[in-house]
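Okay, here's what each chain looks like letter by letter:
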Amino acid sequence: MIKRIGVMTSGGDSPGMNAAIRAIVRSALAQGLEVVAIEDGYKGMVEGRMWQMNSRSVSDIIIRGGTMLGTARLPEFTDRAVRSTAVRNLRENGVDAIVCIGGDGTYRGAMALTDMGINCIGIPGTIDNDVASSDYTIGFDTALNTVIQNIDKLRDTSSSHHRCSVVEVMGNHCGDLAVFAGLSCGAELIITPEKGYDEAAILAKLKHLDEVRKKRHAIVVISEKITDANALAKKISEVTSFSGRATVLGHIQRGGSPTAFDRVLATRMGDKAVELLINGVGGHCVGMLKNEIVSMPIAEALALPRKSRDELLALHERLI
Ligand code: F6P
């Protein structure tokens, strides 16, 4: 029987992580467990930075973006010797099991720790929505709404000036933010890593929208890490009568108070993770599939193919 669990956030922060922490702490305390906060993800675990939480520790955080525990990336955690230090620190602090909130890198660490005798449960917390074992990750909806609010503003000014706005969004090799934002904003073009980058086709399409369809403005939503958004905007100015302007939304997408969707998702997932640990499960991750909170082994989750967005992209094409 476990007595004491740890909770940590790792990788890039995402809005709703705090709501998950709150649910984990309150759910565990309600079921007679003690909870230890681990600061700055695996880094704090290796450095032994942990402290005991109580119900008040998580007061007022459900509405806040970021993570009260801090987060970090620690590539060295793949090293067994580094993990052994973490396991020693956990044992010294009486931590029997952990809930790890983060993306796929966090999941790999959780799986490796479980293999070393500390049961871990992963919760998908990332704005990228790149975890295939869950329809949505915590933070994606909030980030998407931030993107939409910004693109709506760009539309006003683009339309007034006959401009083409090239808007670069985050996603770390996953096009979901671009696809969902493009659909929500009625963007003229959506460019994702999954679809690939065909500059000639992009310019030809914009030329058509400009010269044949006589569009007053055009919005191009592009995922990060594909091409230089400024260079693309410059080419658009050269080839069409739109003047191209690039906006890189950057880290603004990671902040802000979580939406209701993210708060509810995080709360349900946090509670499920505690239930799994109490039942002696380790090496699993929690997800939401068809509105049900489910769990599966992390190894299985990491092997799942990326969700296809072909249908959504085809729908987008039909509506331009
Ligand atoms: O994984 C979340 C994310 O925001 C990605 O979308 C982005 O590529 C990356 O993190 C940025 O990382 P950093 O905050 O380290 O610059």
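All values reported here derive from a predicted model rather than from experimental measurement. (Residues numbered from 1 in each chain as written. Predicted model: local features only at pLDDT ≥ 70, side-chain atom pairs only at ≥ 80, totals over all residues. Heavy atoms only, no water.)

Asker: Please provide a residue-by-residue account of the pattern of salt bridges, values included.
Answerer: For the structure on display, the rule yields 14 salt bridges. In this structure, Glu-194 and Arg-306 form a salt bridge, with 3.0 Å as the shortest nitrogen-oxygen distance. Note that Glu-194 is positioned in the loop between β7 (189–191) and α7 (199–211) and Arg-306 in the loop between α10 (298–303) and α11 (310–319), a separation of 112 residues in sequence. One salt bridge in this structure joins Lys-235 and Glu-199, with 2.9 Å as the shortest N-O distance. Here Lys-235, found in helix α8 (residues 229–239), pairs with Glu-199, found in helix α7; they are 36 residues apart in sequence, far enough to count as distant. Of the residues examined, Lys-235 reaches a relative accessible area of 34% and is grouped as partly exposed. Bridged by salt links that share partners, the residues Glu-39, Asp-40, Lys-43, Glu-47 and Arg-49 form one connected network. (Salt bridge = Lys/Arg side-chain N within 4 Å of Asp/Glu carboxyl O. Helix = DSSP H or I, 4+ residues; strand = E, 2+ residues; numbered from the N terminus. Buried < 20%, exposed > 50% of the residue type's maximum accessible area, 1.4 Å probe, protein only.)

Asker: How would you explain α8 if you had to name every residue and give the values?
Answerer: By the burial criterion, the buried members of α8 are Ala-229, Leu-232, Ala-233 and Ile-236. Projection of α8 onto a plane perpendicular to its axis shows the buried side chains occupying an angular sector of 100°, all on one side. Set apart from the buried face of α8 by more than 90 degrees, the exposed residues are Lys-234 and Glu-238. Residues of α8 that are buried make contact with β6 (163–169), β7, α7, β8 (218–223) and β9 (243–248). Where α8 begins, the side chain of Asp-228 points an oxygen toward the backbone nitrogen of Asn-230, at a separation of 2.9 Å. (Arc of directions from axis to C-beta. Contact = heavy atoms within 4.5 Å. Polar contact = N/O pair within 3.5 Å; in protein donor to acceptor, adjacent residues only side chain to side chain.)

Asker: I'd like a rundown of the nonpolar core, residues and numbers included.
Answerer: Ranked by internal contacts, the top residues of the largest apolar core, which has 33 residues, are Ile-5, Ile-21, Met-53 and Ile-101. Put simply, the parts of the chain that give this core at least two residues each are β1 (4–9), α1 (17–30), β2 (34–38), β4 (97–102), β5 (119–124), α9 (260–278) and β10 (284–289). Each residue touching Ile-21, except ones within four places of it in the same chain, is listed here: Val-7, Thr-9, Met-53, Val-58, Ile-61, Thr-67, Met-68, Leu-69 and Ile-101. Within the second largest apolar cluster, 26 residues are counted, among which are Tyr-42, Met-45, Leu-90 and Ile-118. (Core = buried A, V, L, I, M, F, W, Y, C linked by side-chain atoms within 4.5 Å.)

Asker: Got a sec to walk through the packing of α7 against α8? Specific residues and values, please.
Answerer: Two elements in contact, α7 and α8, have axes separated by 10 Å at closest approach and are oriented at 45°. Classified by the angle their axes make, α7 and α8 are oblique. Seen along the crossing, α7 lies across α8 with a hand that is right-handed. Along the contact surface, α7 presents Glu-199, Ile-202, Leu-203, Leu-206 and Lys-207, while α8 presents Leu-232, Lys-235, Ile-236 and Val-239. (Axes fitted to C-alpha atoms, helices over the stretch in contact; angles between N-to-C directions. Parallel < 35°, antiparallel > 145°, perpendicular 65-115°, else oblique. Left-handed = near helix turned anticlockwise from the far one by under 90°.)

Asker: Describe in detail the sheet that holds β1, supporting the description with residues and values.
Answerer: Strand order in the open sheet formed by 7 strands is β3-β2-β1-β4-β5-β10-β11, and the pairing between neighbours is mixed. The open sheet has two free edges, formed respectively by β3 (50–53) and β11 (292–297), since each of these has just one partner strand. Strand-to-strand, the axes of this sheet are offset by a mean angle of 30°, without reference to chain direction. Of the strand pairs in this sheet, β4 and β5 are connected by 6 bridges, and their pairing is parallel. Paired with Ala-97 across the strands is Asn-119, a residue of β5. Sitting on the sheet, helix α4 (residues 104–115) touches β1, β4, β5 and β10, and the angle it makes with β5 is about 170°. (Pairing = 2+ DSSP bridges.)

Asker: Before we move on, can you summarise the sheet that holds β6 with the specific residues and values?
Answerer: Taken in spatial order, the 4 strands line up as β7-β8-β6-β9 in an open sheet, and their pairing is parallel. Only two strands of the sheet have a single partner each, and these edge strands are β7 and β9. Strand-to-strand twist in this sheet, taken as the mean axis angle between neighbours without regard to direction, amounts to 15°. As paired strands, β6 and β9 are joined by 6 bridges and run parallel to one another. Counterpart to Ser-165 in the pairing with β9 is Arg-245. Contacts from α8 reach β6, β7, β8 and β9 within the one sheet, and its direction differs from that of β9 by about 165°.

Asker: With reference to specific residues and values, describe the site of the ligand.
Answerer: Near the ligand, the surroundings consist of Arg-73, Ile-127, Asp-128, Met-170, Gly-171, Asn-172, Glu-224, Lys-225, His-251 and Arg-254. Within the side chain of Glu-224, one N or O atom sits 2.5 Å away from an oxygen atom of the ligand. Alone, the ligand offers 400 Å² of accessible surface; in the complex the protein occludes 75% of this. Looking at side-chain class alone, the shell around the ligand contains 2 nonpolar, 3 polar and 5 charged residues. Mapped onto the domain boundaries, the shell around the ligand takes at least three residues apiece from domain 1 (4–139 + 258–302) and domain 2 (141–255). (Near = heavy atom within 4 Å. Areas by Shrake-Rupley, 256 points an atom, 1.4 Å probe, with all protein chains shown as cover. Nonpolar A, V, L, I, M, F, W, Y, C, P; charged D, E, K, R; others polar. Domains from an automatic or database assignment.)

Asker: Got a sec to walk through the pairing of β11? Specific residues and values, please.
Answerer: Side-chain direction in a regular strand flips from residue to residue, so the side chains alternate between the two faces of the sheet. Relative to β11, β10 runs antiparallel, the two being bridged by 6 bridges. The residue of β11 that forms the bridge with Val-286 is Ser-295. Between β10 and β11, which pair antiparallel and follow one another directly, the connecting turn spans 2 residues, one of which, Lys-290, has a positive phi of 50°.

Asker: Outline the side chain of Ser-165, supporting the account with residue identities and numerical values.
Answerer: Residue position: Ser-165 is located in strand β6. Side-chain polar atoms of Ser-165 contact the side chain of Ser-158, separated by 2.9 Å.

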